[in-house]
Amino acid sequence: MGVMEKIKEIEDEMSRTQKNKATNYHLGTLKAKLARLRSELLLEQSGGSGGGGGEGFDVARLGDARVALIGFPSVGKSTLLSTLTETESLAANYEFTTLTCVPGTMKYKGSRVQVLDLPGIIEGAAHGKGRGKEVIAVARSADAILIVLDAGKEGLNRHREILEKELETVGLRLNKTPPDVTFSKKTTGGIKFASTVPLTKLGPDPEKVAMQVLREYRISNADILAREDITVDELVDVVVGNRLYKPCLYFYNKIDTVTIEEIDQLARMPHSCVGSVNNRFNIGEPNEDDLLKTTMWKYLGLTRIYTKRKGQQPSLDEPVVLSKVRKGTTVKSLCLNVSSQMLRDFNFALVWGKSAKHSPQRCGLSHPLRDEDVVQIVTKTNNQQKQDRNYQKTVQNFADKYHKKKFEAKKQKQTKLRG
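Rules behind the numbers
Residues numbered from 1 in each chain as written. Predicted model: local features only at pLDDT ≥ 70, side-chain atom pairs only at ≥ 80, totals over all residues. Heavy atoms only, no water. Core = buried A, V, L, I, M, F, W, Y, C linked by side-chain atoms within 4.5 Å. Buried < 20%, exposed > 50% of the residue type's maximum accessible area, 1.4 Å probe, protein only. Helix = DSSP H or I, 4+ residues; strand = E, 2+ residues; numbered from the N terminus. Contact = heavy atoms within 4.5 Å. pLDDT = per-residue confidence, 0-100.

*Asks:* I keep staring at the nonpolar core and nothing clicks. Help me out?
*Replies:* A general feature of soluble globular proteins is that nonpolar side chains tend to end up buried together. One finds Ile70, Leu80, Ile145, Leu146, Ile147 and Leu292 to be the most contacted residues of the largest nonpolar core, which totals 58 residues. Examining the composition of this core, we find that 6 residues originate from one element, strand 4 (residues 144-150), more than from any other. Beyond its immediate chain neighbours, meaning those up to four positions away, Leu80 contacts Leu69, Leu146, Val148, Phe251, Val277, Ile283 and Leu292. Phe193, Leu199, Val213 and Ile224 belong to the second largest nonpolar core, which has 20 residues in total.

Given below as structure tokens:
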């Protein structure tokens, strides 16, 4: 029996099994087997490379954030890209118009967001149908996912449910946070399971379910500490360890083709936004503010920070844009975004804005920043740097780099003279 047949058999058995406390252990075992078989299938189809995404399109990573447009063919992704970024992407009245990845840059609130128009995917994309692997590989590298749906077809075709299942198959978890569970493998000692809260979703015997899940992955020695009430699926995700948690916004396009009652129903769905690209409903010109851009900004978790030098006015023309998805929005993230040397010589920061209790507030590296804060980084003085225990090592590294650069320049000059 092949892997696909085993997966189908387990899915059929899970659909026949009633969900209650008595069957929780059995369902947990089946879910662990199903996750392992899917991983084996993706590994087998990708030629042993693992990961589950495939090779993907070769697109340079630019801007402060990256958003991937995913959807079925002919839902308006190319038109949406052209509207958001002024990048011309071919749009026509037939399916699979876009055959490769078309990048564009959306400029909004001083930030530059890279938007990727990807080819339409179909059911079975996670297993390679219709270039689905390449599309999903790009989705794994994005900071957020914008799923574009046709409002007129959603009621009958369940496109949202199908796309969620395809992305979940390859390890993408949409609009979820990683479970607060510590998992560490050991060489000896067996399996130790503990929790700080009551576990009501793992059945009457959570430890038995956890041990069965680990047994499916041939793990005999490990420590597990659960700090929240987790499900079997979340436990499997922690054990596998290659899951990616992405913010996702669902955009229902072509709302001019459905009734007002259907629009109201779609707009009330979680993480959803409705509009029409052709008629400019909830989406304007590239330089205009609208509902879709505002919601995308919120899901990307972008924060504008204005920097200030001592004794000067803050620079309000070009803010430093931080992202919760990438490096975070703390003072340390700001230093890393500007210069690693600034982080090394950091003394304290003066902060003006919403995150400060008083203006200015003297803060450390862990201080969380909010949108449109003004920050002045104060570095250590020469005497403070000399008192640092790594000062001699830092000076030596600078000296080595200087002499190496000088030697290479001298060698290059001698080579030119000889030539």
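From this point, the discussion proceeds with the structure in view.
*Asks:* What is the right way to look at the confidence of the model for the protein chain in this model?
*Replies:* In low-pLDDT regions, the fine details of the predicted coordinates are not to be read closely. Taken residue by residue, the protein chain gives an average pLDDT of 84. The fraction at 70 or more is 89%. Within the protein chain, the lowest mean pLDDT, 72, falls on helix 5 (residues 154-157), and the highest, 94, falls on strand 10 (residues 248-253). A low-confidence stretch, residues 48-53 stays under pLDDT 50, and its non-local contacts, those more than four residues away or across chains, total 12 contacts.

*Asks:* It is not clear to me how the environment of Lys6 should be interpreted in this structure. Could you clarify?
*Replies:* On the secondary structure map, Lys6 appears in helix 1 (residues 3-16). Here Lys6 falls in the partly exposed class, since its relative accessible area comes to 38%. Separated by 32 residues in sequence, Lys6 and Arg38 place their C-alpha atoms 9.9 Å apart.

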